[in-house]
Amino acid sequence: MASVTIKGLKKIYDNKVTAVHDVNLEIKDKEFIVLVGPSGCGKSTTLRMVAGLEDISEGELYIGDRLCNDVAPKDRDIAMVFQNYALYPHMTVRDNIGFALKLKKLPKDEIKKKVDEAAEILGITQYLDRKPKALSGGQRQRVAIGRAIVREPKVLLMDEPLSNLDAKLRNQMRAEIIKLRQRINTTFMYVTHDQTEAMTLGDRIVIMKDGYVNQIGTPQELFNKPVNLFVAGFIGMPVMNFFDNCKLLVEGGVYYAEIRGVKFKLDDFQQKALKQNNQQATDIVAGIRPSHISVGKGDLSATISVSEMLGSEVHVHASSNDDEVVMVVPTVDLKQDLKMGDTIQFTTQPGLIQLFDKATSNNLIWFDKTSADNSAPVCKSYDF
């Protein structure tokens, strides 16, 4: 197995368009890293440069201790699972999985053993003598994964492998990949545009936008400590609520967040962090996650436009001045009917409010200013 080290990676196409800007990433041996972001953000291009399917314009790529910029894809000891399965239609499942081993001219009994082991891990033993056309989408994707893992690669690359499946199959295959990860000792790089996949699969997540890395961290770090507005809005479902035209106030050395004329005294941690950062009063965008809103009390008000009953919880969409607000209300806490047109009161705990600088969109507490020139802003840590 192997680590992957990416230093200053860039991709510049012939038309002078830069698709990937200065990516720096250290992936540990056997770590599961997920690259996530909207379409066109550069995540698949980054993966393809690691695979050797795209030339590296600038920077260095190490797999283990080996510089691989000019190493042919077949010699990098990696395997890749594609979005469209890329199976040979005229071959059986057994022949598809064992094809790479056959090219290596391994003995037939060794190929059979490896194929049987991979099929057992993926639960497709009963399909080994079928052709791909006789399989469902989820079964075909299992075959594609089997063809990759049977080679026992140092690094397993997956490029949106579940995007062609329906919602139920995606959930099932996501669980299968989690199980697979526990059974094979390899390093994973996984690309997706689905933040749910990223949050459930990744040890760490790399969030990309417009070819730049915006933040690298664990799922919990990205959820609780987003370094900027983009990360905060991308991670979490439903997405974070943003209240524009708010203020960070300093009164008598005490910090307050003012949202729609209501002042929230920030908690002890926020007070210490802002003081350590020597933060001055400023215009902010306040971020509050839908699950962090308490309905039926408080000094903020909104008018309900849509109420979605989802069984265990209700998603309430409401308008508060110029802001659209989504609130998640557990049905066990529901103390009133939530009908369209009704006005409701709501509030939140001050410690759960995220504070974003209006001018820069950076988080006033979690954005580390010392990393501003780095392609991957890091989350600030504190010593108190």
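Residues numbered from 1 in each chain as written. Predicted model: local features only at pLDDT ≥ 70, side-chain atom pairs only at ≥ 80, totals over all residues. Heavy atoms only, no water.

With that out of the way, let us pick up the sheet that holds strand β13 (residues 262-265). Strands sit in the order β13-β12-β11-β14-β19 across an open sheet of 5 strands; the sheet is antiparallel. Edge strands, defined here as strands with exactly one partner in the open sheet, are β13 and β19 (354-357). Ignoring which end each strand starts from, the neighbouring axes of this sheet average 40° apart. Along the sheet, helix α9 (residues 268-276) contacts β11 (241-251), β12 (254-259), β13 and β19; its crossing angle with β12, the most-contacted strand, is approximately 105°. (Pairing = 2+ DSSP bridges. Helix = DSSP H or I, 4+ residues; strand = E, 2+ residues; numbered from the N terminus. Axes fitted to C-alpha atoms, helices over the stretch in contact; angles between N-to-C directions. Contact = heavy atoms within 4.5 Å.)

This brings us to the sheet that holds strand β2 (residues 18-27). Sheets are built from strands that pair by backbone hydrogen bonding, the pairs being arranged parallel or antiparallel. Here we have 4 strands laid out as an open sheet, ordered β2-β1-β4-β5, and antiparallel in their pairing. With one partner strand each, in any of the chains shown, β2 and β5 (66-67) form the two edges of the open sheet. Docked against the sheet, helix α1 (residues 43-51) engages β1 (4-12), β2 and β4 (58-63), running at close to 115° with respect to β1.

Here the amide bond leading from M237 into P238 is cis, since omega sits at -5°, within 30 degrees of zero. The residue P238 is located in the loop between α8 (229-234) and β11 in this model.

In this section: the pairing of strand β15 (residues 293-309). As defined by bridge partners, β15 adjoins strand β18 (residues 343-348) across 7 bridges and the pair is classed as antiparallel. Within the sheet, the bridge partner assigned to L300 lies in β18 and is F346. Two elements, β15 and strand β16 (residues 313-320), share 6 bridges in a ladder whose sense is antiparallel. In the sheet register, T303 faces β16, and the bridge partner there is S319. Hairpin connection from β15 to β16: 3 residues lie between these consecutive antiparallel strands, with G311 at a positive phi of about 90°.

Let us now look at the environment of I344. The topology assignment puts I344 in strand β18. Given a relative accessible area of 2%, I344 falls into the buried group. (Buried < 20%, exposed > 50% of the residue type's maximum accessible area, 1.4 Å probe, protein only.)

Here we come to the pattern of salt bridges. Per the stated rule, a full pass over the model turns up 16 salt bridges. Put simply, R204 and E31 hold a salt bridge, and the shortest N to O gap is 2.6 Å. Within this pair, whereas R204 is found in strand β9 (residues 204-209), its partner E31 is found in the loop between β2 and β3 (32-36), the two being separated by 173 residues in sequence. For the salt bridge of R260 with D323, the shortest nitrogen-to-oxygen distance reads 2.2 Å. Note that R260 is positioned in the loop between β12 and β13 and D323 in strand β17 (residues 323-330), a separation of 63 residues in sequence. Classification of R260 by relative accessible area gives partly exposed; the value is 24%. The exposure class assigned to D323 is buried, which follows from its relative accessible area of 6%. Residues joined by salt bridges that share partners form a network here, namely K11, R48 and E54. (Salt bridge = Lys/Arg side-chain N within 4 Å of Asp/Glu carboxyl O.)

In terms of nonpolar packing, the biggest core is built from 44 residues, with I145 and L156 touching the most fellow members. Grouped together as the second largest cluster of nonpolar side chains are 33 residues, F264, A273, L338 and L355 included. (Core = buried A, V, L, I, M, F, W, Y, C linked by side-chain atoms within 4.5 Å.)

Looking at the secondary structure, you find R289 in the loop between β14 (282-288) and β15. The side chain of R289 is buried and forms no salt bridge, while E221, the nearest opposite charge, is found at 13 Å. A polar atom in the side chain of R289 sits 2.9 Å from the backbone oxygen of I235. With residues near it in sequence (within four places) discarded, R289 still touches L222, F223, A232, I235, G236, M240 and N241. (Lys, Arg positive; Asp, Glu negative; His and termini not counted. Polar contact = N/O pair within 3.5 Å; in protein donor to acceptor, adjacent residues only side chain to side chain.)

No statement about biological role is implied by the geometric values presented.
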